[in-house]
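# Coordinate analysis (summary)
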Amino acid sequence: MKRTALIVAVAAAGCGTERSSKPLNGSQYDLPVANSVQNFEGVPAETTPARSSVFTPLDEASCKLIEQNRDEGSYWRRQCPGPAGYSVEWTESDLRQGLEILKDGRRTDLQLSGIAAKGAFNHLGPRIEWRGNNGSLLDRMAVRVLVADGAEPAKPDKSLLAVVTLAPSPCVIAVVQPGQGQSDEARHISDGPAQPCLGR
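Below: a short report on this structure. No experiment lies behind these values; they were computed from the predicted model shown. (Residues numbered from 1 in each chain as written. Predicted model: local features only at pLDDT ≥ 70, side-chain atom pairs only at ≥ 80, totals over all residues. Heavy atoms only, no water.)

The subject of this paragraph is the overall build of the chain. Across its full length, the chain holds two helices and 11 strands. The helix and strand sequence of the chain, counted from the amino end, reads β-β-β-β-β-β-β-α-β-β-β-β-α. A fraction of 50% describes how many contacts in the chain between residues 6 or more apart in sequence connect residues 24 or more apart. Total accessible area computed for the chain in this model is approximately 10,100 Å², and 50% of it derives from carbon and sulfur atoms. (Helix = DSSP H or I, 4+ residues; strand = E, 2+ residues; numbered from the N terminus. Contact = heavy atoms within 4.5 Å. Areas by Shrake-Rupley, 256 points an atom, 1.4 Å probe, with all protein chains shown as cover.)

Following this line, the structure appears as structure tokens:
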């Protein structure tokens, strides 16, 4: 699977979290910062000032390796930092990656390889966007899922955004396809009404 080089405009130091209020300029895989929402015609739209985002890293330097078995399709498991009492476990097995959300002793597998990647080889983007009121009362998150084209491995990975509700139980509620304004569309969904879980 061809992995695309990622350029991260702002990185959290160590295992910290990051809050931002300015749009980021960088690769197509950056998640632009909240409160710069546009409608689907590309025109700036009104936003709710209380809604904001916190970003946390999803990379080997920031996530602690807790389990590894090279004999099982390069299987590994890493624990990564999260805000407001959340953390995530990031896994890879047989060239497919996944996330589990951990909070208050509860663990939920988001089933990203099945729901977003439809079983294809995939890997996740370099950071997670957590979204909520004032950046602390979190109720949504988004993560990028880069999916390989099995028929044409030389083609660039397909870049999807999985939108996740955090309450009452974490699950994927939308998968946003590539296109102009993709991140804004994902944020629009995050700030909208409750939606049913996909794959359930």
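Turning next to helix 2 (residues 182–190). Along helix 2, seven of the nine residues are buried, which leaves the element largely enclosed by surrounding structure. Along helix 2, the residues that are buried comprise Gln182, Ser183, Asp184, Ala186, Arg187, Ile189 and Ser190. (Buried < 20%, exposed > 50% of the residue type's maximum accessible area, 1.4 Å probe, protein only.)

Our next topic: the pattern of salt bridges. Pairing between side chains of opposite charge can happen when the charged atoms of each approach one another. Inspection of the entire model under this criterion finds 13 salt bridges. Across the pair Arg96 and Asp94 runs a salt bridge, and its minimum N-O distance is 2.7 Å. Look at Arg96 and you get partly exposed, because its relative accessible area is 25%. One network of salt bridges, in which partners are shared, links Glu67, Arg77, Glu89, Glu100 and Arg107. (Salt bridge = Lys/Arg side-chain N within 4 Å of Asp/Glu carboxyl O.)

Looking now at the state of the cysteines. In total, this model carries two disulfides according to the counting rule given. A sulfur-sulfur separation of 2.2 Å characterises the disulfide bridge that pairs Cys63 with Cys80. For the disulfide bridge between Cys63 and Cys80, the dihedral angle about the S-S bond is near 115°, and by the sign convention the bridge is right-handed. Placement of Cys63 in the loop between strand 2 (51–57) and strand 3 (64–69) and of Cys80 in strand 4 (residues 75–81) is noted, with a sequence separation of 17 residues between them. The disulfide pattern of the chain is 1-2, 3-4 when the bonded cysteines are numbered in sequence order. (Disulfide = S-S within 2.5 Å.)

Note on placement: Ser93 falls in strand 5 (residues 87–93). Looking at Ser93, the relative accessible area reads 33%, which means it is partly exposed. Sequence-wise, Ser93 and Ser74 are 19 residues apart; in three dimensions their C-alpha atoms are separated by 6.0 Å.

Before going further, it helps to spend a moment on the pairing of strand 5. With six of seven residues buried, strand 5 lies mostly within the body of the structure. Both strand 4 and strand 5 contribute to a ladder of six bridges, which runs antiparallel. Bridge assignment links Trp76 to a residue of strand 5, and that residue is Glu92. Hairpin geometry of strand 4 and strand 5 is characterised by an intervening segment of five residues between the two adjacent antiparallel strands and by a positive phi of about 55° at Ala84. Note: strand 5 against strand 6 (residues 96–103), seven bridges, orientation antiparallel. From the neighbouring strand, Glu89 faces strand 6, where its bridge partner is Glu100. Here strand 5 hands over to strand 6 after two residues, with Asp94 in that stretch at a positive phi of 55°. (Pairing = 2+ DSSP bridges.)

Right, let's talk about the nonpolar core for a bit. Counting 27 residues, the largest nonpolar core has Leu58, Leu99, Met141 and Val143 as the members making the most contacts within it. When residues of this core are traced back to their parent elements, those giving at least two are strand 4, strand 5, strand 6, helix 1 (112–115), strand 8 (122–133), strand 9 (137–147) and strand 10 (158–165). Top contributing element to this core by residue count: strand 9, with five residues. Counting eight residues, the second largest nonpolar core, distinct from the first, contains Leu161, Cys171, Ala174 and Val176. (Core = buried A, V, L, I, M, F, W, Y, C linked by side-chain atoms within 4.5 Å.)

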